[in-house]
Amino acid sequence: MLLVVHVLLVAAAVRTPAAHAWGKEGHYMVCKIAESFLTKKASAAVKDLLPGWAGGDLAETCSWPDTQRFRYKWSSPLHFADSPGDCKFDYAKDASEHMLSLLVWLGKQGTATTGTERGTYDRSESLMFLAHFVGDVHQPLHCGHTDDLGGNTIIVHWYRRKSNLHHVWDVNVIETAMKNFYNNDVSTMIQAIQRNITDVWSNEEKQWETCRIRTKTCADKYAEESSKLACKAYEGVQQDSILKDDYFFAALPVVQKRIAQGGVRLAAILNKIFSGNSRLQSS
Ligand SMILES: [Zn+2]
């Protein structure tokens, strides 16, 4: 299923601006929220690194790594950190270490290409991978169970449409929310999430930013949170389950908060790399 999804991705979503493609909205929102919290210095550094086709907008590039899984085969397993279905999280060693190497590399000056054991890429690509992986690790089902490929093999009905549990969390919840509450407009949904960050979640938000663990991105802390949320997401769901309002209204606040956390944390990481301090630009 993963493969099928990603073949479609490569075919359909290479570059569609406000697309309705696979998981694109989620990544777009994480990056848009991050952009709104960047310091001037970090924002300028990010713009400098973006490829021309991004039009100066980080968010436009945030699904790019999903289109590169075949070109950069090493990157494929780094999009998720599944663990056996015991609701305990295994340290996401690969994903964590890779994020750290991206960080180190991004912090270096110059535009030369780096060669690492995982492949060869430049700083522009490092930035896009980092922004994408910070998003992915916040999607609960990217830290789901190994034996069902993070919910990919659990076929469900999302209201009347056939889907799978992974896709429900990647796409369906966001799509349904956009349709029902946000006039099918991604920027309206982003604004709603941003309002929550400064309002409902303002007390927690400070803690989201801090990262005092040895791995500088705190990737395994985020993955651990996701795997706990994934445990709940699996509850009561079986092959052929029909998921509708009950499930939707339980999942939506989780999805919105994970997008918010992903955005805030990505901003903190980029601010730290490019302006030496993880403090967010208060808007
Ligand atoms: Zn991904």
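Worth saying up front: this structure is predicted, and the values here are computed from it rather than measured.

S.K.: Just to check I follow, could you spell out the overall build of the protein for this structure?
M.R.: Assigned secondary structure in the protein consists of 10 helices and 5 strands. Counting all 283 residues of the protein, 44% fall into the buried class. Restricting to contacts in the protein with at least 6 residues of sequence separation, those with at least 24 account for 73%.

S.K.: Looking at this structure, how should I read the sheet that holds strand 3 (residues 155–158)?
M.R.: Across a sheet, strands are paired by hydrogen bonds formed along the backbone, either parallel or antiparallel in direction. Spatial ordering of the open sheet is given by 4-3-5, a layout of 3 strands whose pairing is mixed. The open sheet terminates on both sides in strands that have one partner only, identified here as strand 4 (161–164) and strand 5 (242–243). Bridge analysis of strand 3 against strand 4 gives 4 bridges, and the strand direction is antiparallel. Within the sheet, the bridge partner assigned to Ile 155 lies in strand 4 and is Asn 164. Across the sheet, helix 6 (residues 165–181) lies against strand 3, strand 4 and strand 5, angled at about 100 degrees from strand 4, the strand it touches most.

S.K.: Explanation requested: unusual backbone geometry in the structure shown.
M.R.: Peptide bonds are mostly trans, and most non-glycine residues show a negative phi. With a phi close to 55 degrees, Asn 183 is a non-glycine residue in the positive phi region. Along the chain, Asn 183 turns up in the loop between helix 6 and helix 7 (186–198). The backbone phi angle of Asn 184 is positive, close to 60 degrees, even though this residue is not glycine. Tracing the sequence through the fold places Asn 184 in the loop between helix 6 and helix 7. A residue is classified by how many C-beta atoms lie within 10 Å of it, and Asn 184, with 13 of them, is partly exposed.

S.K.: What am I meant to see in the packing of helix 5 (residues 123–138) against helix 10 (residues 245–275) here?
M.R.: Any two packed helices are characterised by how steeply their axes cross, that is the angle between the axes, and by the distance between the axes. With their axes 9 Å apart at the nearest point, helix 5 and helix 10 run at an angle of 145 degrees to one another. As for the relative orientation of helix 5 and helix 10, their crossing is right-handed in sense. Contacts from Ala 131, Val 134, Gly 135 and His 138 in helix 5 reach Arg 258, Gln 261, Gly 262, Arg 265, Leu 266 and Ile 269 in helix 10. Its residues assigned to classes, the contact of helix 5 with helix 10 shows 4 nonpolar, 4 polar and 2 charged.

S.K.: For this particular structure, what's the right way to read the environment of Ser 83?
M.R.: Structurally, the position occupied by Ser 83 is in the loop between helix 3 (40–49) and helix 4 (93–106). Accessibility expressed as a C-beta count within 10 Å gives 20 for Ser 83, which makes it buried. In this structure, the C-alpha to C-alpha distance between Ser 83 and Thr 146, residues 63 residues apart in sequence, is 5.1 Å.

About the thresholds
Residues numbered from 1 in each chain as written. Predicted model: local features only at pLDDT ≥ 70, side-chain atom pairs only at ≥ 80, totals over all residues. Helix = DSSP H or I, 4+ residues; strand = E, 2+ residues; numbered from the N terminus. Buried ≥ 20, exposed ≤ 12 C-beta atoms within 10 Å, placed from the backbone. Contact = placed C-beta atoms within 7 Å. Pairing = 2+ DSSP bridges. Axes fitted to C-alpha atoms, helices over the stretch in contact; angles between N-to-C directions. Left-handed = near helix turned anticlockwise from the far one by under 90°. Nonpolar A, V, L, I, M, F, W, Y, C, P; charged D, E, K, R; others polar.

Purely geometric stuff here, so don't read any function into it on its own.
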